[in-house]
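Descriptive structure summary
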Amino acid sequence: RKNPGKPQQTDVTFSCEYRLELLTYTLRNFHKFCGNQTVEFPRFRCVVIDHTDHRVEVNLILTPCSVEEYTVSGKLLNSYNYKDIQCVAKVQDYPGGFVLIYGAIRRMVLFGTSQLDDLLKGIEKEAMAGLSIVVNTQKKVISQADFMEGRWGNFSDDQSQTSLTEFNVQLIPPSGGERESRILCLSESCVLERDSSTYNVCRIQPLTDIWALIRHAEDPQMFTIEFNTMIKYTYTCHDRDALLASILDGARGNKNR
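Let me begin by describing the structure that accompanies this report.

Basis of the calculations
- Residues numbered from 1 in each chain as written.
- Predicted model: local features only at pLDDT ≥ 70, side-chain atom pairs only at ≥ 80, totals over all residues.
- Heavy atoms only, no water.
- Helix = DSSP H or I, 4+ residues; strand = E, 2+ residues; numbered from the N terminus.
- Rg over C-alpha atoms; globule rule 2.2 N^0.38 Å.
- Buried < 20%, exposed > 50% of the residue type's maximum accessible area, 1.4 Å probe, protein only.
- Contact = heavy atoms within 4.5 Å.
- Areas by Shrake-Rupley, 256 points an atom, 1.4 Å probe, with all protein chains shown as cover.
- Lys, Arg positive; Asp, Glu negative; His and termini not counted.
- Charge placed at Lys NZ, Arg CZ, Asp CG, Glu CD.
- Pairing = 2+ DSSP bridges.
- Axes fitted to C-alpha atoms, helices over the stretch in contact; angles between N-to-C directions.
- Core = buried A, V, L, I, M, F, W, Y, C linked by side-chain atoms within 4.5 Å.
- Phe/Tyr/Trp six-rings, centres within 6.5 Å; stacked < 30°, edge-to-face > 60°.
- Lys NZ or Arg CZ within 6 Å of the ring centre and 35° of its normal.

Across its full length, the chain holds five helices and 14 strands. Relative to the 2.2 N^0.38 estimate, which gives 18 Å for 257 residues, the radius of gyration of the chain is 20 Å and therefore close to what a compact globule would have. Its C-alpha atoms give the chain principal-axis dimensions of about 65 × 50 × 35 Å. Considering the chain as a whole, with its 257 residues, one finds that 43% of them fall into the buried category. A separation of at least 24 residues holds for 43% of the contacts in the chain among residues at least 6 apart in sequence. Taken as a whole, the chain presents about 14800 Å² of accessible surface, with 49% of it coming from carbon and sulfur. Both charge centroids of the chain, one from 29 positive and one from 32 negative side chains, sit 7 Å from each other.

Below, the structure written as structure tokens:
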């Protein structure tokens, strides 16, 4: 359908079972087809409780499809897609505190900001404008103790985090920079990434969410784990093939074929 008065512009309407995934991917790559336009997104200075339980200053940028977490120097740390945010909860004993309850496993990420109300309204506004979805702030507030006890959501229990096998790996950050030493662990139901110095859990993903295991031809130690949540992590490991075989066995054991 051509818009009158707007030459060379045509609207095409589609119907798709994976509408949110398609729109998220498209909006994430908008800079590739919007020409030289400069777009400024809402930005908020926050602190985040990282995997070592330290408070780290970050910037949260609200894009049309996600909440982007950056270091103050501009390095991308994490992306939280609106489509995967289950809800937001305020933290009663943390000034300006709130958690994103994220993904099907309902993991929690704790932030603090002096602009709490503006930030939460911004998330709601951007999610509705970009994807036509509602990101609710739940009425029930939580405590820091609730966060510490359930920060990994459905996989916060000991059984989910008890390693059956472990491999020393190097994480390749998606935004570049120095590689980080990690321990990649397999439990009965999850893939865990632990800090090599503290052994704290950095990330956790269920084996049922693995979409693909990719071996890189240019480096016999490099591989990528891609998940059905549109995220992927790249590592290097001296025992790459043994590690991938272990992940494959674990995934199949969890009926992920």
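By way of backbone hydrogen bonds, the strands of a sheet pair with one another, either parallel or antiparallel. Taken in spatial order, the seven strands line up as S11-S10-S9-S8-S14-S13-S12 in an open sheet, and their pairing is antiparallel. The open sheet is flanked by strand S11 (201–206) and strand S12 (210–215), the only strands paired with a single partner. Strand after strand, the sheet turns through a mean of 30° between neighbouring axes, direction not considered. Bridge count for strand S10 (residues 190–195) against S11 is five bridges, and the pairing is antiparallel. The partner of Val 191 across the bridge, within S11, is Gln 205. In the packing of helix H5 (residues 240–253) onto the sheet, contacts are made with strand S8 (165–172), strand S9 (180–186), S12 and strand S13 (222–227), and the angle to S12 comes to roughly 165°.

Strand order in the open sheet formed by seven strands is S4-S3-S2-S1-S7-S6-S5, and the pairing between neighbours is antiparallel. With one partner strand each, in any of the chains shown, strand S4 (76–81) and strand S5 (85–90) form the two edges of the open sheet. Averaged over all pairs of adjacent strands, the angle between strand axes in this sheet comes to 35°, irrespective of strand direction. Bridge count between strand S3 (residues 66–71) and S4: five bridges; the pairing is antiparallel. For Ser 66, the partnering residue across the bridge sits in S4 and is Asn 81.

A general feature of soluble globular proteins is that nonpolar side chains tend to end up buried together. Formed by 24 residues in total, the largest nonpolar core has its most connected members in Tyr 82, Phe 98 and Phe 111. Listed by contribution, the elements that provide at least two residues to this core are strand S1 (43–49), strand S2 (55–62), S5, strand S6 (97–102), strand S7 (107–112) and helix H2 (116–131). No other element matches the six residues that H2 contributes to this core. The contacts of Phe 98, once residues within four sequence positions are left out, are Leu 60, Val 88, Ala 89, Lys 90, Val 91, Val 109, Leu 110, Phe 111, Thr 113, Leu 116, Leu 119 and Leu 120. With 17 residues, the next largest nonpolar core counts Leu 171, Phe 223, Ile 225 and Leu 244 among its residues.

Let us now look at the packing of aromatic side chains. Applying the stated criterion across every chain, the model contains six aromatic pairs. Each ring, one from Tyr 80 and one from Phe 111, has its centre 6.3 Å from the other, and the planes form 85°; the classification is edge-to-face. One end of the pair, Tyr 80, is in strand S4; the other, Phe 111, is in strand S7, with 31 residues separating them in the sequence. Each member of the pair, Tyr 80 as well as Phe 111, is classed as buried. Relative to Tyr 235, the ring of Phe 223 lies with its centre 5.5 Å away and its plane at 25°, an arrangement referred to as stacked. Highlighted residues: Phe 223 in strand S13 and Tyr 235 in strand S14 (residues 232–236), separated in sequence by twelve residues. One exposure class covers both Phe 223 and Tyr 235, and it is buried. One aromatic cluster is present, built from ring pairs that chain together Tyr 80, Phe 98, Tyr 102 and Phe 111. The ring of Tyr 199 has Arg 194 sitting right over it, with the charged end atom 4.3 Å from the ring centre.

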